[in-house]
Amino acid sequence: MNPIDRVIAALPDVKRNGSGWIARCPAHDDRRASLSVSAGDDGRALVRCFAGCSAESVCRAIGMTTADLFEPTNGRTATPARPATKRLTFDTLDAAIASLRGRNGPNSGLWRYSDVSGELVGAVLRWDRPDGSKDIRPIARTPDGWAIAAMPKPRPLFGLPELLATPTGARVYVVEGESCADAARELGLVAATSAGGSNAAKMTHWGPLGGRAVVILPDHDSAGERYADDVVRLATAAGAKSVRIVRLAELWPKMPDGGDIADLVHSPDSPYLGSEPGEIRAAIEKLADAAEPCAIEAESATRAIESFRPFPIESLPKRMRQFVEAVAAATGTDPAFAALAALVVAAGCIGNRVAALVKGGWVEPAVLWGVLVGKSGATKSPVLKLATRAIVELYKDARREYADAVAEYDREAERYKIRLDEWRREQKKGPPTDPPEAPTRPIEKRTIVSDTTIEKLGELLESNPLGLLLVRDELAAWVGSFDKYSGGKGSDQPAWLSFYDAATTIIDRKNGGSYFIDRAAVSVVGSIQPGTLARTFGLAERESGLLARILVAYPPDRPGLWSDESLPDAVAADWKSLIQSLLAIPPGVDDNGELRPRFITIGRDAKPLWVQWHDQHARETVDIGDEAMAAHFAKLKGACMRIALIFTCVEVASGGAAIAHISADAMARAIAVVEWFKNESRRVYSILGESVEDRASRLLIEWIQKRGGVVTIREVQTNYRPLKEPGTAEAALTRLIEAGQGVWRDIPIGASGGRPRREFVLNAPSASAKPSNSPVCGGFADADGADEPKTDPPDGDGGGFAEFEL
């Protein structure tokens, strides 16, 4: 591991910043990522804290020395490999604390963190320096022992054992920092906080606040207000009964900048200095009683248990829609599975034949990655087989033709050998003549691949420049293969990320040489189980942007009931015909005679739809607090244009004349589909990080949805196994109502009288959005039945249109 990698691995919350990285400095209470890390010309790691911390103190805080910042050389022994590649650990927490005290002297603060079982998982130490600064050192329990490092995410709340001992509905005060939590406890308040400072609230698991009345006491500065906003969102998503903010400056109008509850209790300037704890507590509680609950947008309040929405099948072009409906009926699965599979298969067939020219310098290829998520037995594999059966059949035909061509080549090669021998003999007798022409070995045409190494894929792409479709029944094996064949030379993941963008790729061969692919386009589709999804796409895969590029369909489980239905022959034949038409779209040719995509621009009528949705989506993406999901939303912008391009190609394949641009109809359909994927991504990312409480609520919602969205308490208690204990069903339904997921509705009393009853009504998910308020967007029309003029766009619609027809 080189010096840069060692430093990056030891720092929490590292982010790319140009050619280097930035992070919160571990040598002081850093609230704004003031540490810069970059590479020197000689390979050393350059660290600079803009708050003034020395490189030595930064290294000490992460268990390194300044010698570890240098690359070892023959003439320098300052960087031995042993400690730089393995983090120093201790057998006990006390041993780690003693080590820090040995380096920094007696600490002024020590706080221990426990998990839900009461086991110690970390600690935080603080040193107050004579100049008024603070040094903070975290300690974390790791599989190898106790390390001087930040606790892994998600971190537990500080004060968790005391918090869990309170009854549901109790008031809990959230403060900023462990010393503030101590001050609140001195007053007799139940207090909690998160580790890592004001910018790290999202790294903590806030689930234990579910059902409790949360009161936030922010520090008196802008950082405190930002922290309060984060806690409001996180506590609400965790299912808090209510969330309020109380600003202590109302009790101390002259509170200094950065003041907090610890200052209110202990500062010599505080008007409450020397007051009885009960008096201060009563004043704070009076403010909490008078504070209005924070109003949160419905999305934030219910994000952890987002409802599944039906896939907007009506948004698909007619032939694709008919196929999706037939596959869903034949397999007894949710249409979302077949819809996603059909979209990716269509993208794989189009490949490098066309690409969307969004504007100068922005091109989106016809490449999609998708994964079908469901438990074992959810009939994912049959959906994939039906969606790809036509391509497999076409490949079988092509393979037979290829075998015949190879056999003919072998025969022609033998004849060539005889002709070459005869030519050589004639050269000795008579005047020189041209040698016979050697036969050309046939190239196997491929569209579909399954299990392949990156080197083999490079070979296939070089001979099939129009792109490939990778189909893996278990997509986890695809991700797992990234490091399998690298031979210790790094991961194959960067090459795969370039395949998503159909970018220029060079793949080195083991035995020398390389493969050069000008536009390496590979679409990917497969399936995965929910638990495997969480393990396969961990933090590293999310931060690298791998999961951000994958469209996900994860409908609620369905019982695998018997059905006599099968895919009708007519539907299968029509799907195969559509696949053949997409494969027959002619690509462009560059000046060197090489194949390249034909570039399709946005039509004049489609442009307002795109701009309106693009800007709305951009604003929505900026407001997302979860970085991984924000990255996914950023990729959905390009996915929308790619799907619009696919729908345009389906229009062509469905009998349309030459199309030179993406139509308004195709754009509107694509927007509706991507809006569905946005909701689905919210569900999936929430599921990946959901707490036990979140999961219980989500599963209950899905069970209620299967029963039509309306249930009584008795029906839940009788039929839903997890809530059979008396009182649990009503409590769970009440939590859903408090989260905005449903309402109580009285059941009319019949003529025979009886006790009044009520039922729970689940809120219906909102329909998939499409910009219907746009003056250029009406209802959807099937491309093969539309009466839109099949003419070139008028002058001034962008110019340089690439036309193609079948």
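Overview of the structure.

1. Observations concerning the overall build of the protein chain
And then number 1: In terms of helices and strands, the protein chain carries 25 helices and 29 strands.
And then number 2: Going through the 806 residues of the protein chain one by one, you find that 50% of them count as buried.
And then number 3: About 37,800 Å² of surface is accessible on the protein chain, with carbon and sulfur atoms providing 50% of the total.

2. Focus: the packing of helix H11 (residues 318-331) against helix H12 (residues 335-350)
And then number 1: In the contact formed by H11 and H12, the axes pass within 8 Å of each other and the chain directions differ by 135°. Relative to H12, the element H11 lies oblique. Every pair of crossing elements has a handedness; the one defined by H11 and H12 is right-handed. In contact with Met-320, Phe-323, Val-324, Val-327 and Ala-328 of H11, H12 contributes Pro-335, Ala-338, Ala-339, Ala-342, Leu-343 and Ala-346.
And then number 2: Taken together, the residues of the contact of H11 with H12 sort by class into 11 nonpolar, no polar and no charged.

3. Things to note about the side chain of Gln-493
And then number 1: Tracing the sequence through the fold places Gln-493 in helix H16 (residues 493-500).
And then number 2: Once residues within four sequence positions are removed from consideration, Gln-493 is found in contact with Phe-482, Ser-544 and Leu-546.

4. Some remarks on the pairing of strand S20 (residues 514-517)
And then number 1: The side-chain alternation of S20 yields one buried face, formed by Tyr-515 and Ile-517, and one unburied face, formed by Ser-514 and Phe-516.
And then number 2: Bridge count between strand S19 (residues 505-508) and S20: 4 bridges; the pairing is antiparallel. The partner of Thr-505 across the bridge, within S20, is Ile-517.
And then number 3: Where S19 hands over to S20, the hairpin turn is made up of 5 residues, of which Gly-512 adopts a positive phi near 100°.

5. Some details on empty space enclosed by the protein
Which parts of space are left empty comes out when a probe the size of a water molecule is rolled across the atoms.
And then number 1: Going through the model one piece at a time under the given rule, you end up with 5 cavities of 30 Å³ or more.
And then number 2: Lining the second largest cavity, in full, are Leu-368, Trp-369, Tyr-500, Ala-548, Arg-549, Ile-550, Leu-551, His-632, Lys-635, Leu-636 and Ala-639.
And then number 3: Contributing elements (two or more residues each) for the lining of the second largest cavity: strand S22 (550-553) and helix H21 (627-653).
And then number 4: With 4 residues, the single largest contributor to the lining of the second largest cavity is H21.
And then number 5: Taken together, the residues of the lining of the second largest cavity sort by class into 8 nonpolar, 1 polar and 2 charged.

6. Section: the sheet that holds strand S5 (residues 89-90)
And then number 1: Spatially, 5 strands are ordered S5-S9-S8-S7-S6 in an open sheet, and the strand pairing comes out antiparallel. Sheet topology places S5 and strand S6 (109-114) at the edges, where each strand pairs with a single neighbour.
And then number 2: Direction of pairing for S5 relative to strand S9 (residues 145-147): antiparallel, over a ladder of 2 bridges. Directly across from Thr-89, in S9, lies its bridge partner Ala-147.
And then number 3: Helix H4 (residues 93-104) contacts S5, S6, strand S7 (120-128), strand S8 (134-142) and S9 of the sheet and is inclined by roughly 15° relative to S7.
And then number 4: Along the sheet, helix H6 (residues 178-186) makes contact with S6 and S7, crossing S6 at roughly 85°.

7. Describing the sheet that holds strand S17 (residues 448-449)
And then number 1: Strand order across the open sheet formed by 5 strands is S17-S18-S21-S16-S22, with parallel pairing between neighbours. Since the sheet does not close on itself, it has two edges, and those belong to S17 and S22, each with one partner.
And then number 2: Summarising the sheet, strand S16 (residues 369-373) and strand S21 (residues 522-528) pair through 5 bridges and their orientation is parallel. Of the residues in S21, the one forming a bridge with Gly-370 is Val-525.

8. Looking at the packing of helix H23 (residues 692-706) against helix H25 (residues 728-738)
Axes are the key here: two packed helices are described by the angle between their axes and the distance separating the axes.
And then number 1: Taken N-terminus to C-terminus, the directions of H23 and H25 make an angle of 95°; their axes are 11 Å apart at the nearest point. Considered as vectors, H23 and H25 are oriented roughly perpendicular to each other. Here Ser-697, Leu-700, Ile-701 and Ile-704 of H23 lie close against H25, whose contacting residues are Ala-732, Leu-733 and Leu-736.
And then number 2: Taken together, the residues that form the contact of H23 with H25 break down as 6 nonpolar, 1 polar and no charged.

9. Some details on H16
The α-helix advances 3.6 residues per turn, and as a result positions three or four apart in sequence lie on the same side.
And then number 1: Summarising burial for H16: 7 of the 8 residues are buried, a large majority.
And then number 2: Within H16 the residues assigned to the buried category are Gln-493, Ala-495, Trp-496, Leu-497, Ser-498, Phe-499 and Tyr-500.
And then number 3: After H16 finishes, the residue Ala-502 shows a positive phi value of roughly 50°.

10. Description of the environment of Leu-461
And then number 1: Within the fold, Leu-461 resides in helix H14 (residues 454-463).
And then number 2: Note: C-alpha distance between Leu-461 and Tyr-515 (54 residues apart in sequence) is 8.7 Å.
And then number 3: Apart from residues lying up to four places away in sequence, Leu-461 is in contact with Gly-467, Leu-468, Phe-499, Ile-517, Ala-520, Ala-521 and Val-522.

Conventions and cut-offs
- Residues numbered from 1 in each chain as written.
- Predicted model: local features only at pLDDT ≥ 70, side-chain atom pairs only at ≥ 80, totals over all residues.
- Heavy atoms only, no water.
- Helix = DSSP H or I, 4+ residues; strand = E, 2+ residues; numbered from the N terminus.
- Buried < 20%, exposed > 50% of the residue type's maximum accessible area, 1.4 Å probe, protein only.
- Areas by Shrake-Rupley, 256 points an atom, 1.4 Å probe, with all protein chains shown as cover.
- Axes fitted to C-alpha atoms, helices over the stretch in contact; angles between N-to-C directions.
- Parallel < 35°, antiparallel > 145°, perpendicular 65-115°, else oblique.
- Left-handed = near helix turned anticlockwise from the far one by under 90°.
- Contact = heavy atoms within 4.5 Å.
- Nonpolar A, V, L, I, M, F, W, Y, C, P; charged D, E, K, R; others polar.
- Pairing = 2+ DSSP bridges.
- 1 Å grid on protein atoms, 1.4 Å probe; cavity = no way out; pocket = protein on both sides within 12 Å on 5 of 7 lines; lining within 4 Å.
- Points joined across faces, edges and corners; volume = space filled by probe spheres on them.

Functional significance is not addressed by these values, which are geometric in nature.
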